[in-house]
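Secondary and tertiary structure notes
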Amino acid sequence: MAFLCSSLPGSSSIAIFSESNTDGSSRSNLSIPSLKFRFRTVAASSHICAPAIDKSTFVISESVSEDELWAAACLRVRTFNELNPSAYNIQNHRRYLAEREFEALKERTSGKREGFTRVACINATLPLSQLSSSSEDLCSSCKFSDGIEDRVVVGSLDLNQCRWLPDEIAGTKPEGIGVDFARAYLSNVCVAKELHRNGVGYKLIDKSKRVAGEWGITDMYVHVTVDNEAAKRLYMKSGFEQETAEPAWQARYLNRPQRLLLWLSLPTTSSFMS
């Protein structure tokens, strides 16, 4: 999973909160195991000023249409991949990546991906009118219609009800019978760089807690790289705590940064509703 925001120690910011791909495993693979991508780092001196947003216009909800899933797929491609806008045929390449992500996202959310009990794509959206002057690329890439107005997906994550995610450390809670139904993982967490410092990440996590509670989830997990202080702050403030760390040999074998596994115990459904 990933999330564009905040800064790491030193002189850079990084576009990652946690790393996952179309099957919930390492985001560096996206939906094609042989296709590798680099995470994008952004110099601290190039912070992007967040536009003035009417926060009452945010909608945080599960995706209910293919148009919205497509917009979410486009946001993930835009967030997770370092693409040179002046490169030859870049628009076709970006669309190819978005199509792969879109098809995998449809497969997961429709219940057709083996090993996943249930998957929800949870998005943060804003009316197009709130953003049209701040980012032409974001608006054109991640726009959809909800049947009433044009909106833009500005944040997204997947909530995966399953025993484990491929190529990731598995959680240990709960134990025994029913683990496939009571355990969930967050993946593909991302927020458009234009919307940093608007609390979008917290809104997405809060919504995922509520949906997980409705599903009967008791324990929720998320993976994050060990040196991503921004990510860890977000999750710790949201109630997560560290359960374990990925073995260094496994990270080397998978050719990726070492990860931590963070855990959150969820209240009962009645507690969410009270």
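Right, let's walk through the structure included here. (Residues numbered from 1 in each chain as written. Predicted model: local features only at pLDDT ≥ 70, side-chain atom pairs only at ≥ 80, totals over all residues. Heavy atoms only, no water.)

**Looking at the packing of aromatic side chains**
- For the structure shown, the criterion picks out three aromatic pairs.
- Taking the centre distance of 5.5 Å and the plane angle of 85° together, the rings of tryptophan 70 and phenylalanine 102 count as edge-to-face. Of the two residues, tryptophan 70 is situated in helix 1 (residues 66-80) and phenylalanine 102 in helix 2 (residues 90-109); the sequence distance between them amounts to 32 residues.
- Over the ring of tryptophan 263 we find lysine 173, and its NZ or CZ is 4.5 Å from the ring centre. (Phe/Tyr/Trp six-rings, centres within 6.5 Å; stacked < 30°, edge-to-face > 60°. Helix = DSSP H or I, 4+ residues; strand = E, 2+ residues; numbered from the N terminus. Lys NZ or Arg CZ within 6 Å of the ring centre and 35° of its normal.)

**Considering the pattern of salt bridges**
- This structure, assessed with the given rule, holds 18 salt bridges.
- Here arginine 95 and glutamate 99 are joined by a salt bridge, their closest N and O atoms 3.3 Å apart. Placement of both arginine 95 and glutamate 99 in helix 2 is noted, with a separation of four residues, approximately one turn of the helix.
- Using a relative accessible area of 36% as the deciding quantity, one classes glutamate 99 as partly exposed.
- One salt bridge connects glutamate 107 with arginine 113, and the closest N-O pair in it is separated by 2.8 Å.
- Take arginine 113: its relative accessible area is 17%, and that puts it in the buried class.
- The structure contains a network of salt bridges with shared partners spanning Arg78, Arg94, Asp137, Lys193 and Glu194. (Salt bridge = Lys/Arg side-chain N within 4 Å of Asp/Glu carboxyl O. Buried < 20%, exposed > 50% of the residue type's maximum accessible area, 1.4 Å probe, protein only.)

**Focus: unusual backbone geometry**
- In this structure, the amide linkage connecting lysine 173 to the following residue, proline 174, adopts the cis form with an omega of -10°.
- Relative to the helices and strands, proline 174 is located in the loop between strand 7 (150-162) and helix 4 (179-182).
- The backbone of asparagine 89 shows a phi angle near 60°, a positive value even though the residue is not glycine.
- By relative accessible area, asparagine 89 is classed as partly exposed at 41%.
- Residue arginine 197 is not a glycine yet carries a positive backbone phi of 65°.
- For arginine 197, the position within the fold is in the loop between strand 8 (183-191) and helix 5 (200-215).

**Things to note about helix 6 (residues 229-237)**
- Those residues of helix 6 lying buried are Ala230, Ala231, Lys232, Leu234 and Tyr235.
- At the C-terminal side of helix 6, glycine 239 shows a positive phi close to 105°.

**Quick look at the pairing of strand 8**
- Within strand 8, nine of the nine residues are buried, which leaves the element mostly enclosed by the surrounding structure.
- Bridging between strand 7 and strand 8 involves six bridges; their strand directions are antiparallel. Its bridge partner lying in strand 8, asparagine 160 is registered against tyrosine 185.
- Both strand 8 and strand 9 (residues 219-225) contribute to a ladder of four bridges, which runs parallel. Among the inter-strand pairings, alanine 184 is bridged to a residue of strand 9, identified as methionine 220.
- The handedness of the strand 8 to strand 9 crossover, carried by helix 5, is right-handed. (Pairing = 2+ DSSP bridges. Right-handed = clockwise from strand over helix to strand, strands pointing away.)

**Some thoughts on helix 5**
- End to end, helix 5 covers 23 Å across 16 residues, agreeing with the expected 22 Å (1.5 Å per residue, within 8%).
- Within helix 5, burial applies to Val200, Gly201, Leu204, Ile205, Ser208, Lys209, Val211, Ala212, Gly213 and Trp215.
- Glycine 216 sits one or two residues past helix 5 and shows a positive phi near 90°. (Expected span 1.5 Å × (residues − 1).)

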